[in-house]
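Residues per chain, in single letters:
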Amino acid sequence: THTHATSTPAVPPPPHTRIVWRTRAASETMAAVQHPGPRTTCGAAHLALLRCIQANDYRLAWPTRTLALRFVGPERADDITEIQYPVATNGGEG
């Protein structure tokens, strides 16, 4: 599994690890939803967010992000996942 971070670490990761440090681009406009429950049930939240984006005349501006705000364990009902889609208006940059 790869672990990603948004800033340069004070101490570099040990050699021969699979840790990758990257800086992600900022987005002026972000559509987001927090999904309570197991990550395997996030599909409906993704679809609802995509419908909302389309209904409000936005388009995806990639890359999307999924954050585990609370991870208790696999398939746990008390997990919280945030789904983030950078968006732009269909008429130009967002």
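The structure this text deals with has already been given above.
A brief structural summary. No experiment lies behind these values; they were computed from the predicted model shown.

Rules of the game
Residues numbered from 1 in each chain as written. Predicted model: local features only at pLDDT ≥ 70, side-chain atom pairs only at ≥ 80, totals over all residues. Heavy atoms only, no water. Helix = DSSP H or I, 4+ residues; strand = E, 2+ residues; numbered from the N terminus. Buried < 20%, exposed > 50% of the residue type's maximum accessible area, 1.4 Å probe, protein only. Contact = heavy atoms within 4.5 Å. Areas by Shrake-Rupley, 256 points an atom, 1.4 Å probe, with all protein chains shown as cover. Salt bridge = Lys/Arg side-chain N within 4 Å of Asp/Glu carboxyl O. Core = buried A, V, L, I, M, F, W, Y, C linked by side-chain atoms within 4.5 Å. Polar contact = N/O pair within 3.5 Å; in protein donor to acceptor, adjacent residues only side chain to side chain.

**Notes on the overall build of the protein**
The helix and strand inventory of the protein stands at 1 helix and 6 strands. When each of the 94 residues of the protein is scored for burial, the buried share is 21%. Long-range pairs, those at least 24 residues apart, make up 57% of the contacts in the protein between residues at least 6 apart in sequence. Accessible surface, the protein as shown: approximately 6700 Å² in total, 56% of it carbon and sulfur.

**With respect to the pattern of salt bridges**
Two side chains that carry opposite charge are able to pair once their charged atoms sit near each other. A full pass over the atoms with the stated rule returns 1 salt bridge. A salt bridge links Asp78 to Arg76; the nearest nitrogen and oxygen atoms lie 3.4 Å apart. What makes Asp78 partly exposed here is its relative accessible area of 32%. Given a relative accessible area of 36%, Arg76 falls into the partly exposed group.

**A look at the nonpolar core**
Listed in full, the 8 residues of the largest apolar core are Ala31, Cys42, Ala45, Leu49, Ile53, Ile83, Tyr85 and Val87. Only α1 (43-55) and β6 (80-89) provide two or more residues apiece to this core.

**As for the environment of Asn56**
Structurally, the position occupied by Asn56 is in the loop between α1 and β4 (58-60). Once the C-alpha coordinates of Asn56 and Thr89 are considered, the two residues, 33 residues apart in sequence, prove to be 8.6 Å apart. Among the polar contacts listed, one links the side chain of Asn56 to the backbone oxygen of Cys52, at a separation of 2.8 Å.

**Thoughts on the environment of Arg76**
Tracing the backbone through its elements, the reader meets Arg76 in the loop between β5 (65-70) and β6. As a C-alpha pair, Arg76 and Gly37 span 39 residues in sequence and 6.3 Å in three-dimensional space. For Arg76, the contacting residues outside a window of four places in its chain are Gly37 and Pro38.

Function cannot be read off these values alone, since they describe shape.
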